[in-house]
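# What the coordinates show
Here is how the chains run, residue by residue.
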Amino acid sequence: MLSIKNLYKSYQDAEETRLILQDLSIEVAQGASISIQGESGSGKSTLLHLLATLDKPDSGELIVQSGEQRFNLLNLSESQADEYRKRQLGIIFQKYNLIDCISVYENVLLPAHLSQKLDPSYLQGLLSTLGIAVYKHKLPEQLSGGEQQRVAIARALAHQPQLVLADEPTGNLDHKNAAIVSRLLVDTCKQLNTTLVLVTHSEKVANLTDYQYRLVNGALQLSSSK
Ligand SMILES: Nc1ncnc2c1ncn2[C@@H]1O[C@H](COP(=O)(O)OP(=O)(O)OP(=O)(O)O)[C@@H](O)[C@H]1O
Ligand SMILES: [Mg+2]
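Residues numbered from 1 in each chain as written. Chains lettered and ligands numbered in written order. Predicted model: local features only at pLDDT ≥ 70, side-chain atom pairs only at ≥ 80, totals over all residues. Heavy atoms only, no water.

## Description of the packing of aromatic side chains
Applying the stated rule across the entire model yields 1 aromatic pair. Ring centres 5.4 Å apart and planes at 50° place the aromatic pair F71 and Y84 in the tilted group. You can see F71 sitting in strand 5 (residues 69-72) and its partner Y84 sitting in helix 2 (residues 78-88), a full 13 residues away along the chain. Accessibility assignment for this pair places F71 and Y84 in one class, buried. A cation over an aromatic ring shows up here: K136 above the ring of Y105, its NZ or CZ 4.6 Å from the ring centre. (Phe/Tyr/Trp six-rings, centres within 6.5 Å; stacked < 30°, edge-to-face > 60°. Helix = DSSP H or I, 4+ residues; strand = E, 2+ residues; numbered from the N terminus. Buried < 20%, exposed > 50% of the residue type's maximum accessible area, 1.4 Å probe, protein only. Lys NZ or Arg CZ within 6 Å of the ring centre and 35° of its normal.)

## Structural notes on the environment of K44
Along the chain, the position of K44 falls in helix 1 (residues 44-51). Using a relative accessible area of 8% as the deciding quantity, one classes K44 as buried. When the C-alpha positions of K44 and G218 are compared, they lie 9.2 Å apart, and in sequence the two are 174 residues distant. In this view, K44 contacts I36, Q37, G38, E39, V199, H201 and L215; residues no more than four positions away in its chain are not counted. Separated by 3.0 Å, the side chain of K44 and the backbone oxygen of E39 make a polar contact. (Contact = heavy atoms within 4.5 Å. Polar contact = N/O pair within 3.5 Å; in protein donor to acceptor, adjacent residues only side chain to side chain.)

## Some remarks on the site of ligand 1
The environment of ligand 1 is formed by Y11, R18, I20, E39, S40, G41, S42, G43, K44, S45, T46 and H201. The separation between an oxygen atom of ligand 1 and a polar side-chain atom of R18 is 2.8 Å. In this structure, K44 approaches ligand 1 through a side-chain N or O atom, which is 2.7 Å from an oxygen atom. Contact with the protein chains covers 62% of the free accessible surface of ligand 1, which is 640 Å². Only strand 2 (17-28) and helix 1 provide two or more residues apiece to the shell around ligand 1. (Near = heavy atom within 4 Å. Areas by Shrake-Rupley, 256 points an atom, 1.4 Å probe, with all protein chains shown as cover.)

## A closer look at the sheet that holds strand 9 (residues 211-216)
Pairing within the open sheet is mixed, and its 6 strands lie in the order 6-7-8-3-9-10. Strand pairing shows two members of the sheet lacking a second neighbour, strand 6 (89-92) and strand 10 (219-225), which therefore form its edges. Within the sheet, the average angular offset between the axes of one strand and its neighbour, ignoring direction, is 20°. Alignment of strand 9 against strand 10, held across 6 bridges, turns out to be antiparallel. Pairing of Q212 across the sheet is with S224, part of strand 10. Most of the contacts of helix 2 go to strand 6, to which it runs at about 70°, and overall it touches strand 6 and strand 7 (163-167). (Pairing = 2+ DSSP bridges. Axes fitted to C-alpha atoms, helices over the stretch in contact; angles between N-to-C directions.)

## Description of unusual backbone geometry
Backbone geometry at D23 places phi at a positive 55°, although glycine is not the residue there. Mapped onto the elements of the fold, D23 is located in strand 2. Positive phi outside glycine occurs at T53, with the angle close to 55°. For T53, the position within the fold is in the loop between helix 1 and strand 4 (59-66).

Here you go:
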């Protein structure tokens, strides 16, 4: 479960303080998926950075809970934050950020190694589900954009995280591949009971998730749900 309460985040420029997130609250059940749309600069990536503990809010509450484990993201020590990022979190960016000099399989293995949650048969299943098992031994640069993004999805899910944050994951793909890859992402998270927060500019992609939100004036508004 993901719970955000009364979240505020501002950035300090040379001459002014700009409030980006303003009294933002939301609850997402474990295994549910939400999409977030919103104008450029509305604060979508800012929100994902806070959820990834890459930045700190001004105030509010951010809680990620899975079973017995409860992470209050504002009160984590450095080592707890490390643990949270390594074990609970998967992140997918618009640019795939794969490591070019190692194989597809080694890219996918990396987070599982770091979190010591290495399950070869699960990984094999994941690669098959995402249709990339045949590319296992290739280098990322030998794959198309759509295929590379599927590898990035496999990498984000390799350690069976509780929460996946995806920032415009299909923004670099053509319409056809964007539809295929985003459906794979949503369906695979559902199978794993992984909560998904998906930022997208595409209405079609947004409609794949259980709940659709818009980030407006610093807060999330529910626009529709399945
Ligand atoms: N580190 C930072 N320092 C100062 N201002 C920042 C910083 N990061 C983001 N901002 C500002 O905060 C606002 C929100 O940025 P953010 O990247 O979250 O927008 P976004 O909704 O993800 O936009 P896009 O759809 O273009 O990706 C922008 O006006 C941006 O300039
Ligand atoms: Mg952004």
